[in-house]
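Residues per chain, in single letters:
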Amino acid sequence: MLHFDVRQLQGINRHYGKHAGDGVLRAFAACLRDVFDDTGWIGRIEGCEFAVLLIQQDVDAVEAQLDRFYLRLCRRLSSERYPFVYSVGLAHFTQIDETVTLETMLLDATNDTRTYPVPSETRNIG
């Protein structure tokens, strides 16, 4: 389970307008689909939060997908100059039983987060 949280979106909305913030969210969701659509389920939780449930993916494969996602997002937003930060939480479950629910997966994923800054200048990335 991956939990994504787009941060600093209020600042983009305030400085550049709600249209710019909506564009960032649309680009973020499109990159999630591009990278994770074949390997799991993607959903918007609320506001600026997204979740990706991956099935039968090892940690190394997920790390590679997260790297691809970051590069794809930076490239997709390279024409816009809206720097922001997003965080990703990862929860890995080797066995699922009746005590593991989507809520517990999301809670575990939000407890182990990494932050990725998306720079306003992206031409030197990947």
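Predicted model, so just to flag it, every value in this text is computed and none were measured.

S.K.: Could you clarify how one ought to interpret the pattern of salt bridges in this entry?
M.R.: Two side chains of opposite charge can pair, provided their charged atoms sit close to one another. Counted under the stated rule, the structure contains four salt bridges. The salt bridge involving arginine 7 is made with aspartate 5; its shortest N-O contact spans 3.7 Å. The exposure class of aspartate 5 is buried, given its relative accessible area of 19%. Where arginine 72 meets aspartate 34, a salt bridge forms, and the shortest distance between an N and an O atom there is 3.6 Å. With arginine 72 in helix H3 (residues 59-76) and aspartate 34 in helix H2 (residues 18-36), this residue pair connects regions lying 38 residues apart in the sequence. Here arginine 72 falls in the partly exposed class, since its relative accessible area comes to 36%. When salt bridges with common partners are traced through the structure, they connect Asp34, Arg72 and Arg76 into a single cluster.

The rules behind each value
- Residues numbered from 1 in each chain as written.
- Predicted model: local features only at pLDDT ≥ 70, side-chain atom pairs only at ≥ 80, totals over all residues.
- Heavy atoms only, no water.
- Salt bridge = Lys/Arg side-chain N within 4 Å of Asp/Glu carboxyl O.
- Buried < 20%, exposed > 50% of the residue type's maximum accessible area, 1.4 Å probe, protein only.
- Helix = DSSP H or I, 4+ residues; strand = E, 2+ residues; numbered from the N terminus.

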